[in-house]
Every structure is written in structure tokens, then in C-alpha cells.
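# Architecture at a glance
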Amino acid sequence: MALALRGLRLEGPLSGYILCAAGLYGACVAVGELTVGRFEPIRGAWPEEYGGFALVVGFAALMAHRDVRLARENHILTFRLQHEVDRKTQALQTLLMERRELLGNVIHDVKNPLSAVRSYAELVRRGNIALDGETTAYLDALFERLGVVETRFDQLQDFSRGERGPVFTEKICLNEYLYEFYERNCPDMELSGQDFFLRLPSQRVDIRGDEERLRTALENLCYNAVSFTPEDGLVTLSLSKQGTDAVITVKDTGCGIAEEDVPYVFQRGFTRRGEDGGEGLGLYIVRTTALEHGGDVEVTSELGKGSIFTLRLPLAEPDE
């Protein structure tokens, strides 16, 4: 009876059924006590059993009502949660669109003076100016670097628009590929006083990949390393084979990465460069390239002692 009265306060009108069922059960118990030993039912059940059945039916109705009410409340909460998620998602998409538009505008603005530099250099080349061999070599190197920078800007624009195309893979001997990469980038890497070393294994290491995208990823790793390494520091590019993976490591003796930042360095937009610039795209591009090739990238670092970035790529099949 006490439970029925408490349920009446909590559940409202439906608890009247519980109260009635409890009253009926009490009456059946009283009848059973008053008629004890006087007769035995030929059919049916004892009065207490009828009362118990009525009480069970009442509680079953109460539980069903609670289930319906909880389902309705869950539906309302789900609707509100979905509405909040949609609102937050829309705000995030708007923010990302604004960032992509800003990045696209910045790249566009930078490409204009870059095109002007190419035009002026082309005028010097075609102007029949008597240039010595060394100056001509510098001019050729300038044209080559301008082409590389323009390609990188195009790739950044693809990232800012979310228009990353498919990977066109071919068999690549990483020994030869990394040696060519080292020879091509060593002068620029050592321009600020750092040393750039290359370590290659004696055994051949082959993968299947996109040369241009791998070059972009390696440049991001190496130039990112040199930008955080002091003038007398060292950046080492290494290749090895571990199981079914080709392992490329870029190790530096720079300032290192704070432990709390390590899980986020490959996320798009994450940067600690502050006012020195940086859109947080370099390492994001590295990770994207690794995943596109069926591999992965990771970093270990210690403040004041440098960082080691490890790029793992699946080896090409021997019969390929």
C-alpha cells in the first residue's frame, strides 16, 4: 500500500490502478484469513492468489507506462542532441570553409609575385645578356626551384579545396630515389648552417608509390626538421627495411616537441610556430601521403634533444 501511495505521487493518474490493485489484494488477503479452514476452492485459486494476480497486473501496467514515458523522453533528448550536433557541425564546416578560402586567397596572392619573378628571370635568360657559366647555373637552379614552388602551391590549393586526387603508383627503388632527393635538396638544407646526412642500406628497398607525393612528404619532413634545428645541428635521412615495411626516418638534433603536443602534430591546422607563420599543413600532408600509400607515420621526441619522424611504407612484391 505504501508503494502504491508513493507511486501515486510519482506516476500520476496511472498509479490509481496500483492503488486499486493493492486494495483488492488486501481485501483478498482479509477474505482468505476470515475463511481459512472453512472451504477449499474446487476451481480457480485461493483469494490471496487472485489478489496477487491483480497486484502483478497493476505493476505491469505501471512499468509499461514508465517505458513509454522513458522512450518519449529519449526521443526528445535524441532530437535535441542531434540538433546541437548539427549546429556544431555546421559551425565547424563554416570555419573550415573560411580557413580554406583564406588559405586559397593567400596562395593565390603569393603565386602572383612568384609568376613575376619567373617572368623577370625569363627576360634575363632571353635578353642575350652575356652571363658567365656560374651565373647561368644559378639562373637554371632558380627556374628549377620556381617550378617546384609552383607545384607545391598547386598541391596546397588542392588541400585547401579538399580536392586530393587518386594516387598513381609505380615501382620505386628507394635507395636511388632518396639519393636523388638528397643530392637535390642538400644545398638548400645546409644553407643555414645545419648538416644534412644520408644513410642508405646496402640491400635494395622497393615500394610502389607516387614519386611526386612522396617527394612532397619528404620535403615537409626534412625542411620542417631543419627549421627547428640550430645552425650547428644535424638532420639525418635514413632508410632501412623492417619486416614487410620500408622505413624512412628523419632525425634532427633540434628543440624537440613537448610531450603534450606529440599526439596532435599530424592533425590538420596544428602548429606551434606562432607568429613565424605556418598553417599546420606540412605534417598533415605527410600523414595523408603515408595513408594513401598504405603506410603510416609516427614521431618520438624529447625536448631539447630533437625528434625522430618515422615513415613506414609497404614493400613492393618481389615479382612486381
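Residues numbered from 1 in each chain as written. Predicted model: local features only at pLDDT ≥ 70, side-chain atom pairs only at ≥ 80, totals over all residues. Heavy atoms only, no water.

### Quick look at the sheet that holds strand S6 (residues 296–302)
Spatial ordering of the open sheet is given by S2-S4-S5-S7-S6, a layout of 5 strands whose pairing is mixed. In this open sheet, the two strands that pair with only one neighbour each are strand S2 (195–199) and S6. Averaged over all pairs of adjacent strands, the angle between strand axes in this sheet comes to 15 degrees, irrespective of strand direction. Sheet strands touched by helix H5 (residues 174–189): S2, strand S4 (234–242) and strand S5 (245–252). Its angle to S2, the strand with the most contacts, is close to 175 degrees. Lying on the sheet, helix H7 (residues 282–292) is in contact with S6 and strand S7 (306–314); it crosses S6 at an angle near 140 degrees. (Pairing = 2+ DSSP bridges. Helix = DSSP H or I, 4+ residues; strand = E, 2+ residues; numbered from the N terminus. Axes fitted to C-alpha atoms, helices over the stretch in contact; angles between N-to-C directions. Contact = heavy atoms within 4.5 Å.)

### Section: empty space enclosed by the protein
To find the voids left in a structure, one rolls a probe of water-molecule size over its atoms. For the structure shown, the criterion picks out 1 cavity of 30 Å³ or more. There is about 30 Å³ of room inside the largest cavity. As for the largest cavity, its lining consists of Tyr177, Glu180, Phe181, Arg184, Asn185 and Arg215. With 5 residues, H5 is the largest single contributor of residues to the lining of the largest cavity. When its residues are assigned to classes, the lining of the largest cavity shows 2 nonpolar, 1 polar and 3 charged. (1 Å grid on protein atoms, 1.4 Å probe; cavity = no way out; pocket = protein on both sides within 12 Å on 5 of 7 lines; lining within 4 Å. Points joined across faces, edges and corners; volume = space filled by probe spheres on them. Nonpolar A, V, L, I, M, F, W, Y, C, P; charged D, E, K, R; others polar.)

### Notes on the packing of aromatic side chains
Tallying each qualifying case throughout the model produces 2 aromatic pairs. Here Tyr182 and Phe196 contribute two aromatic rings whose centre-to-centre distance is 5.1 Å and whose plane-to-plane angle is 40 degrees, an arrangement assigned as tilted. Note that Tyr182 is positioned in helix H5 and Phe196 in strand S2, a separation of 14 residues in sequence. Note on Tyr182: relative accessible area 16%, which makes it buried. Overall, the relative accessible area of 0% leaves Phe196 in the buried class. A ring pair is formed by Phe266 and Phe309, whose centres lie 6.1 Å apart and whose planes are at 90 degrees; its orientation type is edge-to-face. Of this pair, Phe266 sits in the loop between S5 and H7 while Phe309 sits in strand S7, and the two are 43 residues apart along the sequence. (Phe/Tyr/Trp six-rings, centres within 6.5 Å; stacked < 30°, edge-to-face > 60°. Buried < 20%, exposed > 50% of the residue type's maximum accessible area, 1.4 Å probe, protein only.)

### Digging into the pairing of S5
A large share of S5 lies buried, amounting to 6 of its 8 residues. Here S4 runs beside S5; their pairing, made up of 8 bridges, is antiparallel. Of the residues in S5, the one forming a bridge with Gln242 is Asp245. What sits between S4 and S5 in their antiparallel hairpin is a turn of 2 residues, with Gly243 showing a positive phi close to 65 degrees. Two strands pair when backbone bridges link them, and S5 and S7 are joined in this way by 7 bridges, in the antiparallel orientation. The partner of Val250 across the bridge, within S7, is Phe309.

All quantities given are derived from atomic positions and should not be read as evidence of function.
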